[in-house]
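# Architecture at a glance
The chain contents come next:
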Amino acid sequence: MPSIPVPPPNLTAAQSAATAFLDSSFSSTSHPHLSDLLPNARQRHEQLQANLSLSNEQVEFLLSDTLAKAEAFRQSAQELSLLRHSLADELTELSQELASNLSVDGSKPTLLEDIETMHRNLKELTSIRSYVQIIEHALSMSESAVENIRSSTSSLNVASIGFFRRLQEFVSKIRDAWSTCDNGATQQQLHLISFLTNLEIKTWAEMKTVLSDVLLSHADKLGWPMPVNLATVTTDNRAAFECAFKNLLKLQSLGEESHPIRPPSTEKDGLYAFQALVQPIALRFKYHFEGSRQTNRLDKPEWYFTHVQNLAHDHRLFMEEFIQNLLLSTEYKKRDAWREFVYLLLPMLTRKLRHSIPSILPHSALLAHTIYQALIFDASLREEGFNLQGIGKEGGGGDVWLGIGDVIIGNHEWFEAWLVGERKFTEDQYHSIISSPDAWAIVDDDNGTNELSRDLKPTTSSRRIKALLEQITDRYSPLPRSAQRMKFLVTVQLPILDVYHSRIASSLEAFEMLSSAFLRAVPGALSVSFGGKEESGVNLDTHRLTGGVEGVQRLCKAFLSATFMEVTLKGWAEELFFLELWTEINGTCPMREEAMACPLLPRTTVDRTDAPTTTIFDEVISRYAKIITRAEDMIIQQVCGEVENSFKAHLNTIDSIEQDTDDVALSQSLLTPVALLSSHLTSIRSILSQTAVTMLYRRIASNLAEHILHRQILYRGRFNLTLGKALAAECELWVETCHAALAGKLSGGRYRVEAPWLKLVQAGRLVSLEGEAWDVVRKATIGSTPDEEWSQLMKQVVAVSELDREVVIQILRRREDY
């Protein structure tokens with residue numbers, strides 16, 4: 001705080017103050033104390049004078065000192081002023097430097113930015129130090145856990161994995177601590193936690209490796225991985241192997257026990273001991289089938305499949321008799337040792353297939369061969385009893401084993417490539433079959449026909465197509481998924497059946513066009529379709545292709561081909577495989593919708609809950625049935641038409657028979673139609689089955705008998721007895737001709753041959769009656785004889801009673817003597 005300045009002394013004021021003091025204190029000069037006061041005043045004056053002198057000296061000193069200090073302060077103030085201006089300039093410069101220049105190209109970072117960068121680096125280094133400390137501590141516990149296991153190989157207990165438990169708890173604490181951090185540290189959290197998690201997994205794997213090495217060292221003394229002969233194993237080696245085997249199972253058991261943090265595991269369900277035993281086997285497999293040796297060939301997948309199958313077979317006795325007993329004394333007593341062992345062999349094949357399939361994908365034949373070998377391998381393992389029962393947690397297994405083949409066909413791209421290759425192969429085979437010179441030749445020694453029609457003779461094309469379709473079925477029937485089997489059926493198998501059906505139908509259409517009165521030129525259509533040779537030039541002998549026995553044989557080939565396929569499809573439709581597939585299709589909504597979109601499958605009910613009443617080939621069977629009916633009608637029409645056309649000449653000559661002669665002689669003009677009918681029936685009998693011959697003969701004979709009955713007897717002029725006898729002989733000749741041509745082909749004997757002709761035979765016998773028999777029949781027919789008695793009379797007189805009474809009256813009226 002600054003001092004108040006003191007004013008200089010005032011003499012006048014001092015004298016006035018002294019006078020006033022004297023006046024107030026002393027009233028006269030004679031005051032008694034006045035003489036005493038003077039010396040005191042003089043003394044006081046002297047003292048004050050001395051003090052005044054001293055003060056003057058001090059003042060002078062202070063003035064000089066103050067001047068000196070003031071000068072010093074003045075100079076200091078000048079310096080400070082200069083310094084203030086300098087600081088202001090520096091401050092201005094610093095403020096300019098603190099402004100961000102990052103937007104300016106080529107400028108250096110500002111001081112503030114450098115400070116912030118160094119601050120961040122310092123923070124990161126601090127965090128890194130924390131991370132390193134965490135990692136160092138985790139690594140230390142990891143090494144301790146492995147060393148603890150290595151020192152506990154003789155007997156394993158909970159304390160053996162104590163360090164690993166601590167590691168787990170430490171990792172859990174770090175994970176929980178990071179879970180409470182803000183989003184800014186999320187990325188760092190992921191890196192740290194992932195490292196600790198991987199360290200945890202690696203530590204457990206190293207602990208398992210320690211015990212696995214011990215087990216393999218003892219297994220090597222047993223001769224592993226070669227088949228083990230327990231009779232040659234010493235007691236010590238056996239006991240050491242058992243101890244090492246159980247230690248690995250104990251380690252896995254400790255890891256699976258209930259505790260807050262479960263040990264990590266990279267395997268799904270395999271037991272650690274079996275994983276260790278498979279290691280040397282996997283190394284040998286890799287050496288032989290994944291290296292540069294001659295055994296590693298893409299075109300020989302059966303080699304490595306057979307190798308694994310032999311391993312499963314050779315070690316089965318050891319697994320079932322020795323290893324299984326070891327499992328019974330552990331927590332895994334419900335596991336099946338052999339299935340567990342085989343299950344861990346399969347990854348070798350999986351790895352091999354996934355590595356090799358991309359290389360063979362462009363080669364459809366090799367891809368198909370590999371898939372086929374994989375399916376054969378799966379089937380052989382299933383036959384030996386392998387499944388997922390006894391594998392996995394508590395030996396309960398899991399889903400149905402799809403097989404090694406599912407590694408390939410489970411991949412949509414690979415499956416589609418295989419499907420395309422199979423479809424192309426099948427189409428090529430089909431075209432090869434159809435274009436073969438003997439495609440439509442009839443096979444006489446076929447042993448593959450259906451039991452429903454053992455005497456059915458197929459054509460070469462139908463038999464080979466059946467074999468081709470059976471080959472397709474064999475390829476896709478082992479597929480594990482019903483959707484895949486359906487895809488094969490719809491894409492490969494059914495189209496072949498449909499295109500073969502279309503080929504037969506087009507052949508029948510070509511036959512109709514070539515045999516039509518309004519002929520349209522279709523060069524070679526019929527000849528190519530049924531095995532004939534196309535004529536050169538434009539003048540095609542259509543009569544030779546469609547007429548006579550050869551023409552009917554062509555129709556019979558179409559009939560046989562369609563019938564053989566129909567019988568085959570009916571047999572397939574009742575097989576268990578196709579019944580199950582059709583049931584699965586109807587029971588699965590996506591597959592049912594796909595089936596409804598396929599025109600070659602029967603229509604299904606969307607809301608169907610019961611088993612389907614149809615079969616999977618019903619639609620195709622119905623299409624072939626229509627072709628069969630069409631071929632039957634064409635055969636009957638062809639035979640009847642040719643016989644009837646040949647019979648026209650006989651109708652014009654029969655009236656020339658002498659009316660007065662008693663000798664009955666058959667007209668030579670009748671021999672041509674009779675011989676033609678005999679040739680057709682003989683050809684049909686030699687080609688078709690008994691059932692088909694019976695059906696066709698019945699219709700052919702019925703049509704011809706009705707035609708002859710109308711043209712020869714019912715709708716012609718009146719004739720005498722002599723002509724009637726001739727007509728009766730002709731009727732009997734037709735029957736005898738058919739009986740001779742069929743040569744006992746019909747199972748019913750002569751009666752089955754005569755049955756379609758009975759009306760004609762009865763009519764012929766009626767018009768040939770004479771004498772008393774004629775009178776009795778005529779009177780009974782036109783009289784009031786009851787129908788039953790009249791029918792019995794017909795049987796007694798003419799041995800046949802097939803015609804109605806009204807028709808008999810019309811027949812009798814044809815006689816001139818009626």
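Computed from a prediction, not measured in an experiment: that's the story for all the values here.

### Quick look at the overall build of the protein
What the protein contains, in helices and strands, is 29 helices and 0 strands. By sequence separation, contacts in the protein at least 24 residues apart represent 73% of the contacts at least 6 residues apart. Split by element, the accessible area of the protein, about 44400 Å² in all, is 53% carbon and sulfur.

### Here's the deal with a nonpolar patch on the surface
The grouping of Leu-80, Leu-83 and Leu-87 at the surface amounts to a nonpolar patch, some 280 Å² of accessible area in total. Note on placement: Leu-80 falls in helix α2 (residues 34–98). Taking relative accessible area as the criterion, Leu-80 reaches 51% and is therefore assigned exposed.

### Examining the pattern of salt bridges
Per the stated rule, a full pass over the model turns up 29 salt bridges. Two residues, Asp-498 and Arg-623, come together in a salt bridge whose shortest N-O distance is 3.0 Å. Here the residue Asp-498 occupies a position in helix α15 (residues 482–515), and Arg-623 occupies one in helix α21 (residues 618–653), the gap between them amounting to 125 residues. Arg-623 gets classed as partly exposed once you look at its relative accessible area, which sits at 24%. Between Asp-817 and Arg-815 there is a salt bridge, with the nearest N and O atoms lying 2.8 Å from each other. One salt-bridge network, held together by shared partners, links Asp-498, Glu-619 and Arg-623.

### Quick word on the packing of aromatic side chains
Counting across every chain of the model gives 25 aromatic pairs. Ring centres of Tyr-304 and Phe-305 lie 4.9 Å apart, and the angle between their planes is 45°; this geometry places the pair in the tilted category. By relative accessible area, Tyr-304 is classed as buried at 4%. Residue Phe-305 is classed as buried on the basis of its relative accessible area of 3%. Between Trp-734 and Trp-757, the aromatic rings sit 5.9 Å apart at their centres with planes inclined by 10°, giving stacked as the arrangement. Taken together, the residues span a long stretch of sequence, with Trp-734 in helix α24 (residues 721–742) and Trp-757 in the loop between α25 (750–754) and α26 (758–767) at a distance of 23 residues. With relative accessibility at 0%, the residue Trp-734 sits in the buried group. A residue is classified by how much of its surface remains accessible, and Trp-757, at 1% relative accessible area, is buried. One aromatic cluster is present, built from ring pairs that chain together Phe-415, Trp-418, Tyr-476, Phe-488, Trp-572, Phe-577, Phe-578 and Phe-617. The side chain of Arg-316 reaches across the aromatic face of Trp-338, ending 3.9 Å from its centre.

### Overview of the confidence of the model for the protein
Predicted confidence across the protein gives a mean pLDDT of 83, with 85% of residues reaching 70 or more. Here residues 517–529 is a poorly scored stretch, pLDDT under 50, and it has 29 contacts once near neighbours within four places are set aside; other chains count.

### Here we look at helix α10 (residues 337–360)
Look at α10: 35 Å from first C-alpha to last across 24 residues, which is about the 34 Å you get at 1.5 Å a residue. Along α10, the sharpest change in direction is near 25° and occurs at Arg-354; proline Pro-358 comes one to four residues later. The buried count for α10 comes to 17 of 24 residues, which makes it a mostly enclosed element. The N-capping residue of α10, defined by a side-chain oxygen 3.2 Å from the backbone nitrogen of Trp-338, is Asp-336.

### Here we look at the environment of Glu-584
Relative to the elements of secondary structure, Glu-584 occurs in helix α19 (residues 576–587). We classify Glu-584 as partly exposed; its relative accessible area is 30%. C-alpha of Glu-584 to C-alpha of Pro-612: the two residues are 28 residues apart in sequence and 9.8 Å apart in space. If we ignore the near neighbours within four places in the chain, the residues touching Glu-584 are Ser-482, Arg-485 and Met-591. At 2.8 Å, the side chain of Glu-584 forms a polar contact with the side chain of Arg-485.

### Quick look at the nonpolar core
One finds Phe-241, Phe-245, Phe-617 and Trp-757 to be the most contacted residues of the largest nonpolar core, which totals 205 residues. Looking at which element gives the most residues to this core, the answer is α21, with 14 residues. If we ignore the near neighbours within four places in the chain, the residues touching Trp-757 are Leu-677, Tyr-697, Ala-701, Leu-704, Ala-705, Ile-708, Trp-734, Val-735 and Cys-738.

### Notes on helix α28 (residues 787–797)
Taken together, the buried positions of α28 are occupied by Trp-790, Leu-793 and Met-794. Along α28, the residues classed as buried sweep out an arc of 100° about the axis, all on the same side. Among the exposed residues of α28, those pointing more than 90 degrees away from its buried face are Glu-788, Glu-789 and Gln-796. For α28, the elements touching its buried residues are α26, α27 (771–782) and α29 (805–812). Phi for Ala-799, located one or two positions after α28, is positive at around 70°.

### With respect to the side chain of Gln-638
Assignment of secondary structure puts Gln-638 in helix α21. Setting aside chain neighbours within four positions, we find Gln-638 in contact with Phe-511, Thr-546, Gly-547, Val-552 and Leu-555.

### Looking at the packing of α10 against helix α11 (residues 364–383)
At a minimum axis distance of 11 Å, the contact between α10 and α11 shows a crossing angle of 170°. In terms of orientation, α10 and α11 fall into the roughly antiparallel class. Taken together, the residues of α11 that come into contact with α10 (itself represented by Val-342, Leu-346, Leu-349, Leu-353, Ile-357 and Ile-360) are Leu-366, Leu-367, Thr-370, Phe-377 and Leu-381. When its residues are assigned to classes, the contact of α10 with α11 shows 10 nonpolar, 1 polar and no charged.

### Structural notes on unusual backbone geometry
Each neighbour pair has its own omega, and for Trp-224 with Pro-225 the value is 15°, a cis peptide bond. One non-glycine residue, Ala-799, lies in the positive phi region at around 70°.

### Considerations on the side chain of Thr-330
Mapped onto the elements of the fold, Thr-330 is located in the loop between α9 (316–328) and α10. Only 2.8 Å separates the side chain of Thr-330 from the backbone oxygen of Leu-327, close enough to count as a polar contact. Ignoring sequence-local partners within four residues, the contact set of Thr-330 consists of Lys-246 and Leu-249.

### Here we look at the environment of Gly-255
Structurally, the position occupied by Gly-255 is in helix α6 (residues 235–256). Looking at Gly-255, the relative accessible area reads 4%, which means it is buried. Sequence-wise, Gly-255 and Ile-161 are 94 residues apart; in three dimensions their C-alpha atoms are separated by 9.0 Å.

Rules behind the numbers
Residues numbered from 1 in each chain as written. Predicted model: local features only at pLDDT ≥ 70, side-chain atom pairs only at ≥ 80, totals over all residues. Heavy atoms only, no water. Helix = DSSP H or I, 4+ residues; strand = E, 2+ residues; numbered from the N terminus. Contact = heavy atoms within 4.5 Å. Areas by Shrake-Rupley, 256 points an atom, 1.4 Å probe, with all protein chains shown as cover. Patch = residues over 30% accessible without salt bridge, like charges linked within 9 Å, V, L, I, M, F, W, Y side chains within 5 Å. Salt bridge = Lys/Arg side-chain N within 4 Å of Asp/Glu carboxyl O. Buried < 20%, exposed > 50% of the residue type's maximum accessible area, 1.4 Å probe, protein only. Phe/Tyr/Trp six-rings, centres within 6.5 Å; stacked < 30°, edge-to-face > 60°. Lys NZ or Arg CZ within 6 Å of the ring centre and 35° of its normal. pLDDT = per-residue confidence, 0-100. Expected span 1.5 Å × (residues − 1). Bend = angle between axes of the 7 residues up to and from the residue. Polar contact = N/O pair within 3.5 Å; in protein donor to acceptor, adjacent residues only side chain to side chain. Core = buried A, V, L, I, M, F, W, Y, C linked by side-chain atoms within 4.5 Å. Arc of directions from axis to C-beta. Axes fitted to C-alpha atoms, helices over the stretch in contact; angles between N-to-C directions. Parallel < 35°, antiparallel > 145°, perpendicular 65-115°, else oblique. Nonpolar A, V, L, I, M, F, W, Y, C, P; charged D, E, K, R; others polar.

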